[in-house]
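# Survey of secondary and tertiary structure
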Amino acid sequence: MATGTLTRVAKALIAPALALGATVGLASAPASAAVWNSCDQWGNTTLNGYTLYNDIWGSGAGSQCIWANSGTNWGVWANHPNTGGIKSYPNAKKVINKPIGSLTSLTSSYNVTVPSSGAYNTSYDIWDTAHHYEIMLWVNRTGAVGPLGTSQGTVTLGGSTWTVYKGDNGANAVFSFVRSSNSGSGTVDVLPILKWIRDTKGWFGNVTIGDVQFGYEITSSSGGLDFITNSLSVSSS
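If you tally the helices and strands in the chain, you get two helices and 15 strands. Among the 237 residues that make up the chain, the fraction classed as buried is 53%.

Here we come to unusual backbone geometry. A positive phi angle, close to 55 degrees, is found at D55, a residue other than glycine. Relative to the elements of secondary structure, D55 occurs in the loop between strand 3 (50-53) and strand 4 (63-70). The phi torsion at H131 lies on the positive side, around 55 degrees, for a residue other than glycine. Structurally, the position occupied by H131 is in the loop between strand 8 (119-128) and strand 9 (133-142).

The next subject is the sheet that holds strand 1 (residues 36-38). The six strands lie next to each other as 1-4-5-15-7-13, forming an open sheet whose pairing is antiparallel. The open sheet has two free edges, formed respectively by strand 1 and strand 13 (185-189), since each of these has just one partner strand. Sheet twist, expressed as the mean angle between neighbouring strand axes with direction ignored, is 20 degrees. On the sheet, helix 2 (residues 190-201) packs against strand 7 (106-113) and strand 13 and is oriented at approximately 45 degrees with respect to strand 13.

Moving on to the nonpolar core. W74, L106, Y124, I135, L137, F177 and I197 are the most contacted members of the largest nonpolar core, which has 48 residues in total. Examining the composition of this core, we find that six residues originate from one element, helix 2, more than from any other. Contacts of I135, omitting those with residues within four sequence positions, involve Y124, D125, I126, F175, F177, L194, I197 and F204. In this structure, A119, M136, V145 and V178 belong to the second largest nonpolar core, which totals six residues.

Over its twelve residues, helix 2 runs 16 Å from end to end, which matches the ideal 16 Å to within 8%, given 1.5 Å per residue. Among the residues of helix 2, V190, L191, I193, L194, W196, I197 and R198 are the ones counted as buried. Backbone geometry just downstream of helix 2 places G202 in the positive-phi region, at approximately 70 degrees.

Next up on the list: the state of the cysteines. In the structure shown here, the tally under the stated rule is one disulfide. Paired through a disulfide, C39 and C65 show a sulfur-sulfur distance of 2.0 Å. One disulfide, between C39 and C65, carries an S-S torsion of 105 degrees and so falls in the right-handed class. Separated by 26 residues along the polypeptide, C39 in the loop between strand 1 and strand 2 (44-47) and C65 in strand 4 bring together distant segments of the chain.

Right, let's talk about the sheet that holds strand 12 (residues 173-179) for a bit. Spatial strand order, 2-3-6-14-8-9-12-11-10: nine strands in an open sheet with mixed pairing. Since the sheet does not close on itself, it has two edges, and those belong to strand 2 and strand 10 (150-157), each with one partner. Neighbour-to-neighbour, the strand axes of this sheet turn through a mean angle of 25 degrees, independent of strand direction. One ladder, built from seven bridges, connects strand 6 (residues 91-99) with strand 14 (residues 208-220); its direction is antiparallel. Paired with V95 across the strands is D211, a residue of strand 14.

Moving on to the side chain of Q213. Structurally, Q213 is set in strand 14. Taking relative accessible area as the criterion, Q213 reaches 10% and is therefore assigned buried. With near-sequence residues (within four places) excluded, Q213 lies in contact with Y89, N91, A92, K93, S123, Y124, D125 and W127.

The next point concerns the packing of aromatic side chains. Throughout the structure, instances matching the rule amount to 14 aromatic pairs. Plain terms: the ring middles of Y110 and F214 are 5.8 Å apart, the flat faces sit at 25 degrees to each other, and that makes the pair stacked. With Y110 in strand 7 and F214 in strand 14, this pair connects stretches of sequence that are 104 residues apart. Residue Y110 is classed as buried on the basis of its relative accessible area, which comes to 4%. Of the residues examined, F214 reaches a relative accessible area of 1% and is grouped as buried. Summarising the aromatic geometry, the rings of F175 and W203 are spaced 5.0 Å apart at their centres and angled 25 degrees between planes, so their arrangement reads as stacked. Of this pair, F175 sits in strand 12 while W203 is found in the loop between helix 2 and strand 14, placing the two residues 28 residues apart along the sequence. Residue classification places F175 among the buried positions, given a relative accessible area of 2%.

Calculation rules
Residues numbered from 1 in each chain as written. Predicted model: local features only at pLDDT ≥ 70, side-chain atom pairs only at ≥ 80, totals over all residues. Heavy atoms only, no water. Helix = DSSP H or I, 4+ residues; strand = E, 2+ residues; numbered from the N terminus. Buried < 20%, exposed > 50% of the residue type's maximum accessible area, 1.4 Å probe, protein only. Pairing = 2+ DSSP bridges. Axes fitted to C-alpha atoms, helices over the stretch in contact; angles between N-to-C directions. Contact = heavy atoms within 4.5 Å. Core = buried A, V, L, I, M, F, W, Y, C linked by side-chain atoms within 4.5 Å. Expected span 1.5 Å × (residues − 1). Disulfide = S-S within 2.5 Å. Phe/Tyr/Trp six-rings, centres within 6.5 Å; stacked < 30°, edge-to-face > 60°.

So this is what it looks like as structure tokens:
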């Protein structure tokens, strides 16, 4: 998300310098059988081609623990206070490293179980390799959260209708696509969205797509809430 992307990118590249002052046991039932879990602020691991990050990067954060049965079946228990500002973006990342013009397909499917309270969005966060451009695809949102920038109208692409926002956080351009209705599962054809930005709008050229991340931007989850990725796939050719 806009205001914290540079911080998130920079901190993800360095070793953890500190841990959260308070950690708690994993609260979600699926975590009991997890092959990996972490309550570390920058906890991360790689499983079957996906890199998982706990990624607690925002100020005023509370406790958060991530667990994974695989790179595509994982979840988070988070207890962040009911205050403004994004606290974290726990996510799974697939590396693409191909120019848009070299891609013949880029698709992703997701199935999530998310809470009915709190303030958060479930989103893809897609980056070019130079981190000049950030493309966010919000598939659902709850509470007082919203994208950076100004509305550019609506467009139907990749299997959904989105309201498009264009902004800049001072470090990189941010293009946010907010789905017209919340979805807990679905398939997104990502490549037509990237080509629309490049060819129809001219907001960037033939950039190389680096990472496709999928996760939860959590602003508040007071009392402890579970965010579960039941399944995820990212494929490209």
